[in-house]
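# Notes for the structure review
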Amino acid sequence: MSQMATKSSINLPQLLKQLLTILPTDAVLYQEEDLRPYECDGLAAYRQLPLIVALPDSSEQVQSILRLCNKISLPVVARGAGTGLSGGALPHEQGLLLCLSKLNSILSIDKELRIARVQPGVCNLAISQAIEHLGLFYAPDPSSQIACTIGGNVAENSGGVHCLKYGLTVHNIQQITIVSIDGELITLGGTGLDCPGYDLLALMTGSEGMLGVIVEVSVKLSPRPECTQTLLAAFDDIGKAGDAVASIISAGIIPAGLEMMDKLAIQAAEDFVHAGYPIDAAAILLCELDGSLAEVASHTDAVYELLTISGVTEVRIAKDKQQSITFWKGRKAAFPAVGRISPDYYCMDGTIPRKSLAQVLQTMAEMSQQYELAIANVFHAGDGNLHPLILYDANIPGELQRAEKLGAAILQLCIKVGGTITGEHGVGMEKLDQMCVQFTAIELTQFHAIKAAFDPKSLLNPGKAIPTLHRCAEFGAMHVHHGKLRHPELERF
């Protein structure tokens, strides 16, 4: 592997001069006060100033920039809106931050094929707004959809409230165009439902900017359903709510969305947006059903009965579209709402089998007491994608470190019950150690081989997503168990 440029070997004036042959003066940032806004993504606990920032406004400029970086072995980190929560867009102190926010055009909309071609800097919500008059929408809807961009959604394989029925980003894109580290423009996927050869489109989705830089995405558009109905169910025990989720899915009903919030999250959201949530409930479920009028009516009755059997204390059925919007308003605002009740919070992302919801929630409650840190739970209950929010105060010495240890224990619990360390936030910088727990040395070696095939010099987002075997060997008291790297922390729960 080629040696990357070191900070001492970088001639910044020369680099600046070269970049200014590609970009206008206002599209290259290098003064500290200009770099400061780019020092982190949504995981603000990790901060690092980049060496320089480039803001291209065309794929041709991206190609020229990457050719330059490849020539001088300069690390490159691609960035969208900076809403990621795993440190995936954390800058490299010896490298270039490639900000794609200016590539923000919807290039075309094909109503017949139900495809929209967009640039990576287009906001998620902007697509649905642009096609609303056609009776279509773009299904993946992360909580940050008002700000997050499609390029970042592809890089992290984002989901959202509706991913249970409509799938993650990987299920809702048809073609992407990337620029390789050597500046080549490559199209993956196609306009048809299937393409010959290896499924490199799926490989690129969720690759966290490590294999190429996305400059165009063709997204699939879904028809708006004839009817939508939202139910809000309150429970006096969070375990009952978890069991209700399993019952609904086991009955063969696939809601458009099935979300859960615990007591702390309910109270925070209600104080923030006044959605009328029952603040004395231990947990609430939000269940959205969509389809034909007959299908929704039938499923609403069935879900109501299943909730009753599961021990629900109250069920509210939205009487109109406005009340449905109000029900969802609190869930969509849950993260900022929790931010109002704690100086800091650490947002985790792990996925578990639905059958383990009640068990895992109870264990997390025990962990919360053990680490003396409160946890607010807001998550996609239907597909088992947890988002525990660990509350802490960074001004208190040691609290951030304790929050990180609690987060690591939660992720390792997810693995223990048969789940994974991420559902939609990616690995980034945050979960490198947990990758050592989830995957064997052979698997990690294969990941590095794929990375090397696309990026031989390891210039694209280096040091992210895939840990080195040396790091895994050093990861606290690691030992091998049935061919897997395991950690004693797992045996405590």
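Residues numbered from 1 in each chain as written. Predicted model: local features only at pLDDT ≥ 70, side-chain atom pairs only at ≥ 80, totals over all residues. Heavy atoms only, no water.

## Quick look at the pairing of strand 8 (residues 173-179)
Two faces belong to every sheet, and in a regular strand the side chains alternate between them. Within strand 8, seven of the seven residues are buried, leaving the element largely enclosed by the surrounding structure. Here six bridges tie strand 8 to strand 10 (residues 213-220), and the two strands are oriented antiparallel to one another. From the neighbouring strand, Ile-176 faces strand 10, where its bridge partner is Val-217. Here strand 8 runs beside strand 9 (residues 185-189); their pairing, made up of five bridges, is antiparallel. If you follow Ile-176 over to strand 9, its bridge partner there is Leu-188. Hairpin connection, strand 8 to strand 9: the antiparallel pair is bridged by five residues, and Gly-183 has positive phi, about 90°. (Buried < 20%, exposed > 50% of the residue type's maximum accessible area, 1.4 Å probe, protein only. Helix = DSSP H or I, 4+ residues; strand = E, 2+ residues; numbered from the N terminus. Pairing = 2+ DSSP bridges.)

## Concerning the confidence of the model for the chain
Of the residues in the chain, 95% have a pLDDT of 70 or more, and the chain-wide mean is 93. A low-confidence stretch, residues 477-485 (pLDDT under 50), is modelled with 22 contacts involving residues beyond four sequence positions or located in other chains. Low pLDDT (under 50) marks residues 487-493, which in the prediction has 24 contacts with non-local residues, meaning those over four places away or in another chain. (pLDDT = per-residue confidence, 0-100. Contact = heavy atoms within 4.5 Å.)

## So, the nonpolar core
Note on soluble globular proteins: their nonpolar side chains tend to be buried together. Counting 61 residues, the largest nonpolar core has Leu-285, Leu-307 and Ile-390 as its most contacted members. Element by element, the count of residues in this core is highest for helix 14 (residues 399-416), at eight residues. Beyond its immediate sequence surroundings of up to four residues, Leu-307 is in contact with Ala-233, Phe-235, Ala-244, Ile-248, Leu-285, Val-312 and Val-315. Ranked by size, the runner-up nonpolar core spans 36 residues in total, among them Ala-27, Val-28, Ile-52 and Leu-74. (Core = buried A, V, L, I, M, F, W, Y, C linked by side-chain atoms within 4.5 Å.)

## Observations concerning the sheet that holds strand 4 (residues 96-99)
A sheet is described by the order of its strands in space; here four strands give the open sequence 1-2-4-3, paired in mixed fashion. Single-partner strands in this sheet number two, and they are strand 1 (28-29) and strand 3 (76-79). Bridging between strand 1 and strand 2 (residues 52-54) involves two bridges; their strand directions are antiparallel. Paired with Leu-29 across the two strands is Val-53, which belongs to strand 2. Running at roughly 5° to strand 2, helix 1 (residues 12-19) makes contact with strand 1, strand 2 and strand 4 of the sheet. Of the strands in this sheet, strand 2, strand 3 and strand 4 touch helix 3 (residues 59-72), which is tilted by about 165° from strand 4. (Axes fitted to C-alpha atoms, helices over the stretch in contact; angles between N-to-C directions.)

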